[in-house]
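Spelled out from the first residue to the last, the chains are:
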Amino acid sequence: MTQPPLVPGADPDTARQRAEAQAWRDRDLAVVWHPCTQMKEHPHTLPLVPIRRGRGAWLEGVDGTRYLDAVSSWWTNLFGHAEPRIADAIAAQAHELEHVIYAGFSHAPGLALAEALLAKAPPGLARVFYGDNGSAAVEIALKMSFHSHANRGQAGRTRFIALGNGYHGETLGALSMGDIPLYRRVYAPLLLEPLFAPSPDAYEAEPGESAEACALRRAGQLADLFAAHEGQVCALILEPLVQCAGGMRMHHPAYLRRAREICDAHGAHLIADEIAVGFGRTGTLFACEQAGITPDFLCLSKGLTGGFLPMSAVLTTAAVYDAFLDDARERGFLHSHSYTGNPLGCAAALASLAIFDSDDVLVRNRATAARMAALARPFAAHANVADLRQTGMILAIELVADRRTRAPFPAAERRGLRAYRHALERGVLLRPLGDVLYWMPPYCVGDAELEHLAAVTASAIEEATRA
Ligand SMILES: *Cc1c(COP(=O)(O)O)cnc(C)c1O
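Given the structure is predicted, the values throughout are model-derived calculations rather than measurements.

Draft legend 1. Just the packing of helix α3 (residues 84-96) against helix α11 (residues 343-358), in detail. Where α3 contacts α11, the two axes come as close as 8 Å, and the packing angle between them is 145°. Of the two possible hands of crossing, α3 and α11 adopt the one that is right-handed. Residues R85, I86, A89, I90, Q93 and A94 of α3 lie in contact with α11, whose contacting residues are P343, L344, A347, A348, A351, S352, I355 and S358. Here the contact of α3 with α11 is built from residues that sort into ten nonpolar, three polar and one charged.

Draft legend 2. Spatial organisation of the sheet that holds strand β16 (residues 436-439). Spatially, three strands are ordered β13-β14-β16 in an open sheet, and the strand pairing comes out antiparallel. Lying at the two open borders of the sheet, with one neighbouring strand each, are β13 (385-391) and β16. Ignoring which end each strand starts from, the neighbouring axes of this sheet average 15° apart. Across six bridges, β13 lies against strand β14 (residues 394-399) in antiparallel orientation. Each residue of the ladder has a partner; that of T391, found in β14, is I394.

Draft legend 3. View of the pairing of strand β1 (residues 51-55). In the sheet, β1 pairs with strand β2 (residues 58-61) via four bridges, with the strands oriented antiparallel. The partner of R55 across the bridge, within β2, is W58. Hairpin remark: β1 followed by β2, antiparallel, with two residues in the connecting loop; positive phi at G56, about 55°.

Draft legend 4. Layout of the environment of W74. Looking at the secondary structure, you find W74 in helix α2 (residues 72-75). Taking relative accessible area as the criterion, W74 reaches 38% and is therefore assigned partly exposed. Spatially, the C-alpha atoms of W74 and G303 are 9.9 Å apart, while their sequence positions differ by 229 residues. Contact partners of W74, with chain neighbours within four places excluded, come to P35, C36, K302 and R431.

Draft legend 5. The pairing of strand β10 (residues 269-273), seen in detail. Buried residues dominate β10, accounting for five of its five residues. Neither face of β10 is exposed, since H269, I271 and D273 on one face and L270 and A272 on the opposite face are all buried. The sheet contact formed by strand β7 (residues 233-238) and β10 spans four bridges and is parallel. Its bridge partner lying in β10, L238 is registered against A272. Where β10 and strand β11 (residues 297-300) come together, three bridges link them in parallel fashion. Across the sheet, residue A272 finds its bridge partner in β11, namely L298.

Draft legend 6. Expanded view of the pattern of salt bridges. Taken as a whole and assessed by the stated rule, the structure comprises 23 salt bridges. For the salt bridge of R16 with E20, the shortest nitrogen-to-oxygen distance reads 3.0 Å. Here the residue R16 and the residue E20 both occupy positions in helix α1 (residues 14-31), the gap between them amounting to four residues, near one helical turn. Given a relative accessible area of 39%, R16 falls into the partly exposed group. Ionic pairing is found between K120 and D357, a salt bridge with its closest N-O pair at 3.0 Å. Of this pair, K120 sits in helix α4 (residues 108-120) while D357 sits in helix α11, and the two are 237 residues apart along the sequence. Judged by relative accessible area, D357 falls into the exposed class, the value being 52%. The network of salt bridges with common partners includes D201, E204, R249, D387, R389 and E398.

Procedures and definitions
Residues numbered from 1 in each chain as written. Predicted model: local features only at pLDDT ≥ 70, side-chain atom pairs only at ≥ 80, totals over all residues. Heavy atoms only, no water. Axes fitted to C-alpha atoms, helices over the stretch in contact; angles between N-to-C directions. Helix = DSSP H or I, 4+ residues; strand = E, 2+ residues; numbered from the N terminus. Left-handed = near helix turned anticlockwise from the far one by under 90°. Contact = heavy atoms within 4.5 Å. Nonpolar A, V, L, I, M, F, W, Y, C, P; charged D, E, K, R; others polar. Pairing = 2+ DSSP bridges. Buried < 20%, exposed > 50% of the residue type's maximum accessible area, 1.4 Å probe, protein only. Salt bridge = Lys/Arg side-chain N within 4 Å of Asp/Glu carboxyl O.

Written as structure tokens, this is what we have:
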């Protein structure tokens, strides 16, 4: 597919551009330590791609190569790269007030964002505490939950329940709540030990069992776990509807409804980690809406600023907030981050929320999601595709060695990495989770772009699954 250059008249001197890109790579690999990467794989097994700009769903490399960003740059971007309305809002705010200490001080974007988030969040949430990344939001929710129980005379509630296959970030507390061995195993000696309840993941349903029946069976096991630890549990933490880092595994909303009831019955909090699934990814603004529930804590980040700035927010209830009001200083929540409530992040988030309204984003996304489903449908018949699943703007393709037994490929074969490199060479940023290929594109993605994505995905599946 031919694409117009991002900037008309972009430098046609490709030999010079290629040399420039190579020089950049060499300098970069001499000094930078990249995230979530075995650096020894650079540059031979894993290419390093220097990017000079982004527009819409596209990224442009230093050598002029263009990449369709099918993963929204780690699930952060909502409306396309360098979205001018968000960029302008940040620039305007930067000229007014870039940052101010948020303890004892207030500013317009921080206040407006708190009001806007509460107006859009599930009913019953009444307070906003800002953080500066997703893991920090999880830490805040865990600490607040424990501390609010302690302030109410329930200091014996020291355990958390987390779900199998869950993911909540990389700082020690957040990592503790995760169940992905690749990230957790090495650090296990340092971590908190939550109780793990089995994931309601519909892919793990018994033969013939519906997603809903599977969810309800898993909720029964959750209730048993709570009963076995009566009075010990602060909170249940989960990712509503889609366990993203765990391979885009999806579950029925019935699980969330039962989880809400079970937490209430046992006097525990429900922490909804919507860091990845919030802001429209699942079809509704927040995933909890599809179950009609309100969590005690709603953790938001990633898409919060439209993908522009690191920022997070934890929304909670008046009941939690009230538990901290006291004459004793240490009964207050003395947690802080230097950049709490950063005005630039708040301005970006406000501009992003305004786009949801002005562009009728959730309605348009319904058509986009339907188009994604239609284009991906043929993959379901592939001999190495065990599952094709979708929740709103998230679509995943589970590659396996044998679709009848669902036996995975040996991990050492790095099938997903093959797909990654293959797609990259064809101008698509498709970054599988293990052997799960997925689409989580920016919402501005167009028809022709989705067709391009589907064509490259089809050939990437072939490349990844051939002997
Ligand atoms: C990405 C993610 C986090 C961590 O957010 P960071 O900003 O990367 O620290 C936490 N929970 C979920 C569900 C995530 O997807």
